[in-house]
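Descriptive analysis of the structure
What follows is each chain in one-letter form.
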Amino acid sequence: MYQAPRGTQDILPADQPYWRTILQTVERLAQTYGYARIDTPIFEDTSLFERGVGGGTDIVDKEMYSFEDKGGTPITLRPEFTAGVMRAYIEHGMRTWPQPVKLYSTGPIFRYERPQAGRFRQHHQFNVEAIGAQDPALDLEIMSVAWQLYTELGFGGLSFQLNSTGCPQCRPAYLHALKAYYQPHESAVCDDCRRRLQRNPLRVLDCKKESCQAIIAGSPHIIDYLCAECAEHFSRLRHYLDLLGRPYELNHRLVRGLDYYTKTVFEVWASGIGAQNALCGGGRYDGLVEELGGPPTPGVGFASGLERIVLLMKAQDIEPESLGPAPFLLAYQGAEAKDSAVRLVNELRAGGMGAILTFGDRSMKAQLRQANRSGVRFVLIIGPDELAEAQITVRDMAGGAQQRIARADFFAWAKERVL
RNA sequence: GUGAGCGUAGCCGAGAGGUUAAGGCACCUGGUUGUGGCCCAGGAGAUCGUGGGUUCGAUCCCCACCGCUCACCCCA
């Protein structure tokens, strides 16, 4: 028997209200903050991601869905949004638009990983980018989108994590200090960390091994090594956060897996949804557009995982908005009555009123049972009696009260009830 | 890629080495020859994940594979 591929899932009707609620909130917020929607292709040239995300990252090294298309072009299913959006910024000359250009997207993302709670091979993200301004107030704005999104969804108990990763000017000095600090501890540290010190030293700060914790705790903090520009940027961002009374945790160990981040990095953490607790992650990427062949252009953004939002809604018992059932169900008996029912259901729908018809000429009992389960408010019964008198029997499912209404008057009656 | 746990109908879930593999939910039919939710009766639905082995016999024992779940890694 066929199954959905590993790490993918069907979003069944029962779950759609969650998605609908999230997407509606997201779209309303984007409008509120002045972000315009952009949809980029689900796949791009492989080299775009290799360049943008960076060789040496897990995403590029082992998580991309890459293949050659029939023309032999190396293609990759997008493992994140940012690279594709930056490509579009460059390709469409968006530097001639009023800056910053503020864009958002939602859609599927692909990474070849072992699935677990809150992690999938195909998942969906809400992505926000503000390109073309280096103002820390813009970092604040981006963080505010995340803040307001989770607030409006009704989440509690979230933790905002903030750090700065410096820039190409000041980071080397920090990495040097970090390596120097680790030198005497190299034998005490785990195998992974020894490897990280060579490949990607920042990541040692992220290690969860018990044996490494004490060493991490004593390690130097990057914010003590920031250049004047980065330090100023960071302190102004913190000032703005204080201005709005936004609590956050200064996390010296927060480093992110993608190469392109500069200055601000942040994540929002939740509890109760498993080990994969990051609801969103983002930050500033001032070198990325240039790296992809565009002019030097600053940018800041974040992406939030929609599956994780759904998980958290369920964990926190947050009820999504539901569309509800159609108000009418037509039950008929006899071929002639069926003709009349088919006509009436068409008429109601054309008039914008929700109506469902039963199929298969089932017994009245079966039709009412279906009506009960569907949650419709009224059952419209048409049988030989009604036909003979040009009437419709209307049954109110709440109490079971029935009344006969002349066929000619019914449409007006219905409109009054449900529109 | 590594580790652990688990795989019995759409879902949940009992079960013993040996005649027809419980039960509940959901579904269908009937009890009301035109009427739901409760109740009653009945029905349909399972090659007991797959393959091999042990055995007179395996769904239950052994092995392999596949799948699912959680965790590591890493991230949304």
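Residues numbered from 1 in each chain as written. Chains lettered and ligands numbered in written order. Predicted model: local features only at pLDDT ≥ 70, side-chain atom pairs only at ≥ 80, totals over all residues. Heavy atoms only, no water.

Before going further, it helps to spend a moment on the environment of Trp413. As for its position among the elements, Trp413 is in helix 15 (residues 407-418). Residue classification places Trp413 among the buried positions, given a relative accessible area of 12%. In contact with Trp413, other than residues within four places in its own chain, are Phe328, Phe378, Val394, Gln403 and Ile405. (Helix = DSSP H or I, 4+ residues; strand = E, 2+ residues; numbered from the N terminus. Buried < 20%, exposed > 50% of the residue type's maximum accessible area, 1.4 Å probe, protein only. Contact = heavy atoms within 4.5 Å.)

Domain boundaries assigned for chain A yield domain 1 (13-170 + 226-315) and domain 2 (328-418). For domain 1 and domain 2, the distance between their C-alpha centroids amounts to 50 Å. (Domains from an automatic or database assignment.)

Next up on the list: the sheet that holds strand 12 (residues 328-332). The strand order across the open sheet formed by five strands is 13-12-14-15-16, and the pairing between neighbours is mixed. A strand with exactly one partner marks an edge of an open sheet, and here the two such strands are strand 13 (355-357) and strand 16 (402-406). When strand polarity is set aside, the average angle formed by the axes of neighbouring strands in this sheet is 30 degrees. Sheet analysis places strand 15 (residues 391-396) next to strand 16, joined by five bridges and oriented antiparallel. Residue pairing in the sheet places Gln391 in a bridge with Ala406 of strand 16. Packing of helix 12 (residues 335-350) onto the sheet brings it into contact with strand 12, strand 13, strand 14 (378-382) and strand 15, and relative to strand 13 it is tilted by some 155 degrees. Across the sheet, helix 15 is in contact with strand 12, strand 14, strand 15 and strand 16; its angle to strand 16 comes to roughly 120 degrees. (Pairing = 2+ DSSP bridges. Axes fitted to C-alpha atoms, helices over the stretch in contact; angles between N-to-C directions.)

All right, on to the pairing of strand 9 (residues 262-269) then. Of all the eight residues making up strand 9, seven are buried; the element is thus mostly covered by neighbouring parts of the structure. Two strands pair when backbone bridges link them, and strand 7 (residues 159-164) and strand 9 are joined in this way by six bridges, in the antiparallel orientation. When the sheet's bridge partners are listed, Asn163 is paired in strand 9 with Val265.

This paragraph deals with the packing of helix 1 (residues 16-33) against helix 5 (residues 136-153). As a packed pair, helix 1 and helix 5 sit with axes 10 Å apart at the nearest point and diverge in direction by 140 degrees. The orientation of helix 1 relative to helix 5 falls into the category oblique. In the crossing of helix 1 with helix 5, the sense of the turn from one axis to the other is right-handed. For the pair helix 1 and helix 5, the contacting residues are Thr21, Ile22, Thr25, Val26, Arg28, Leu29 and Tyr33 in the first and Glu141, Ser144, Val145, Gln148, Leu149, Glu152 and Leu153 in the second. The residue makeup of the contact of helix 1 with helix 5, split by class, is seven nonpolar, four polar and three charged. (Parallel < 35°, antiparallel > 145°, perpendicular 65-115°, else oblique. Left-handed = near helix turned anticlockwise from the far one by under 90°. Nonpolar A, V, L, I, M, F, W, Y, C, P; charged D, E, K, R; others polar.)

Take the sheet that holds strand 3 (residues 65-68) next. Sheet architecture is open: three strands sit in the order 2-4-3, paired in antiparallel fashion. The open sheet has two edge strands, strand 2 (43-45) and strand 3, and neither has a second partner. This sheet shows a mean twist of 30 degrees between the axes of neighbouring strands, independent of strand direction. Bridge analysis of strand 2 against strand 4 (residues 74-77) gives three bridges, and the strand direction is antiparallel. Bridging from a neighbouring strand, Glu44 pairs with Thr76 of strand 4. Contacting strand 2, strand 3 and strand 4, helix 2 (residues 46-53) runs over the sheet at an angle of about 80 degrees to strand 2.

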